[in-house]
Structures are given as C-alpha cells and as structure tokens.
Amino acid sequence: MLVPHGEDSVSARLAGLIDRAVRQRIEVKENDGLLYLEPRLMPPFRACFTTRRGGRSIGPFASLNLDPRSGDEPMSVSRNRELVGRLVWDTPSDSADHVLITPMQVHGLRVSGAAEYAGAEPLGPCDGLTLHPVLDRNVAALLLFADCVPIVLAGEVDMAVVHGGWKGIVGGVVGEAGRAMIGPPGFAVIGPSIGPCCFEVGDDVAAIFGARYGQSVVLRNEDGTGFPHVDLWKATTEELLGLGVPGEQIVNPRICTACNSEFFYSYRREGPVTGRHGCVAWAAAA
C-alpha cells in the first residue's frame, strides 16, 4: 500500500531523500511493516528496493537483513525473505509454485536467465538476472546490496536486475545485462547505493574510472589533498547510455546508503558485520 506521509513519519523521511527530479517516478510503500521504494515500470514488470526496516533480525543485522551468508540468525533471515516474497506473491515465497532466486554474487560479469539459473546444477557465480513474463513465470529475482549499485533494466519484452560493484560496473556488467535481454532496454533505474560523497578510492581505482568514463567521474579536493572519490552513479549512467537507454528514461533517486543508516546497510560505514538490503524484480501475472 502507499504510505501516508506525515511530516515527521519514517516514510516521509525516506521520501524526502529521493531526488526531486524523480519523485513522481518512485513511490514509498509499506507492506507487512516493510518499508520500500517502488519505481514506476511499464506492466508487467515490477521492482522494489527494500530498506533495512520491518524485519526480524536484531543487533548489527537489524532488521530486514536478507543475506543468509551474513552471520545473522538463519531463522530471522528466512522469515525476512518470506516477507519480501510476499511483496511479489500473496503466499510465502517458498511455495512449490514460487521461486525467489538470489544468485551467488561475486562482483563479476555473468548475467543469466532467472529460471535458467534456478535450474542450474550446481549454481555458480552470477551478478545479474533477466526475467521474461513467460520464460520466468512464478520466478522473482532478489539481489543483495550494502553499498553496491542496484540497476534495473526494462524493455518491451523482458527486464534485468544487476548487482553493480565497482569492479562489475567498470568491467561491463551493465552492458552484459542489456545484451542478455531478449529485447532492448528502454528504461532503467539506479537504486540506493553509495554516492560520490562517500565512495573514497585510491589513485589506482580513480585512474581506471577516469580512463573509461572521463575525469568527470573522479572528484578531487580543489587543493589536491585527500583521496579521490568516484561517482558510481555517473559511471553507471554512462554504461546505460551506451546501451541506448535515453537519458530521460534513467531514474536515479540519488540516495546514498553510506549516508543513511536509518534506512540502509552499508559495508563502507559499518564494516563486514552488517546485513544486506535487496532489489527484488519480477514480471507480474496478468
């Protein structure tokens, strides 16, 4: 359901973080206590960016941690994933007819069809999944994040969701996702992730990004002191433009996960003992 935004409500604070230029294209919603962001996609495609709020985990994993490999209590993670499954289906996500797929993310370039990946034995590393309304019926993709960039691509035929770590972005995982789709992507969403304000890197990484995207993605202090910062959002946008996605069809709420601990997990801010929020994507039933 849509959340009424009182001036001091949690949902109002989340809505206030969304860049004004795209506030009409992303909604703040709540379901079973879960607070999340949903971009407006063309039917039948849907996607949601979860926050860390509304789950069952405690301590450093509080509260909607979706990562079973995080060291969190397994039953809490299982319950959290069931809650996320109910954003997609009215019945629990572990129903025999419904599959919620989380690939083994490794900051790589492999992109697979969701149902194909679910049927693979053994499951291997994968950082992007495509979804087709027929080929991937009753399947939803859930990718996990704690600063890396979630990217959703949608076209007239199918969609894709991508885990964009810096190595994956500069290595071309966005392009791999676009080429893995059956039809060309015409719309994209960049989800909450570490912003240029907080993504401090070494000179070696800055040089890699500068060489690929130009120096506009590398931010430095005017006096030349301190470490450079890299704008992963701008780099991702350049990758999307290279796929042919029109600039006006690239939606970025510009929400930095490292700046907003109230709503998101951040490896950069919290270290390795933390949870993961998610991007869940699916083709809705007619």
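Before any of the text, the structure's been laid out above.
Overview of the structure. Per chain, residue numbering runs from 1 following the sequence as it is written. In keeping with the model being predicted, local features are shown solely for residues with a pLDDT of at least 70 and side-chain atom pairs are shown and tallied solely at 80 or more, while totals for entire chains, interfaces and linings include all residues. Side-chain metrics rest on all non-hydrogen atoms present in the structure, leaving aside hydrogens and water.

## Focus: the nonpolar core
Among the buried residues, those of types Ala, Val, Leu, Ile, Met, Phe, Trp, Tyr and Cys that are joined through side-chain atoms within 4.5 Å form a nonpolar core. Here the term buried applies to any residue with accessible area under 20% of the maximum for its type, exposed to any over 50%, and partly exposed to those in between, with areas from a 1.4 Å probe on protein chains only. Counting residues in each nonpolar core, the largest one holds 36 residues, and the members touching the most others are L37, L41, L129, V152, M159 and V161. Going along the chain from the N terminus, every DSSP run of H or I of four or more residues is numbered as a helix, and every run of E of two or more is numbered as a strand. No other element matches strand 7 (residues 139–145), which puts four residues into this core. Leaving out residues up to four positions away in the same chain, V152 has contacts with L41, A47, F49, M159, A160, V161, F187, A188, V189 and C279. In terms of nonpolar packing, the next biggest core, distinct from the first, is built from 32 residues, V111, V174, V201 and F209 among them. Between two residues, a contact is recorded if the distance between any of their heavy atoms is within 4.5 Å.

## Let's talk about the pairing of strand 14 (residues 277–283)
The buried count for strand 14 comes to seven of seven residues, which makes it a mostly enclosed element. Residues H277, C279, A281 and A283 of strand 14 are buried on one face, and the alternating residues G278, V280 and W282, pointing to the opposite face, are buried as well. Two strands qualify as a pair provided that DSSP identifies no fewer than 2 bridges between them. As defined by bridge partners, strand 3 (residues 45–50) adjoins strand 14 across five bridges and the pair is classed as antiparallel. Opposite F45, over in strand 14, you have A283 as the bridge partner. Strand direction decides the pairing type here: strand 7 and strand 14, joined by six bridges, are antiparallel. Counterpart to L144 in the pairing with strand 14 is G278.

## Some points on the pattern of salt bridges
Within this document, salt bridges are pairs made up of a side-chain nitrogen of Lys or Arg and a carboxyl oxygen of Asp or Glu, the two lying within 4 Å of each other. Scanning all chains against the criterion turns up 13 salt bridges. Close ionic contact of E270 with R52 constitutes a salt bridge, the shortest N to O distance being 2.9 Å. Taken together, the positions of E270 in helix 8 (residues 267–270) and R52 in the loop between strand 3 and helix 2 (74–88) put the pair 218 residues apart, joining distant regions of the chain. Overall, the relative accessible area of 10% leaves R52 in the buried class.

So, to be careful, I would describe these as geometric facts and stop short of saying anything about function.
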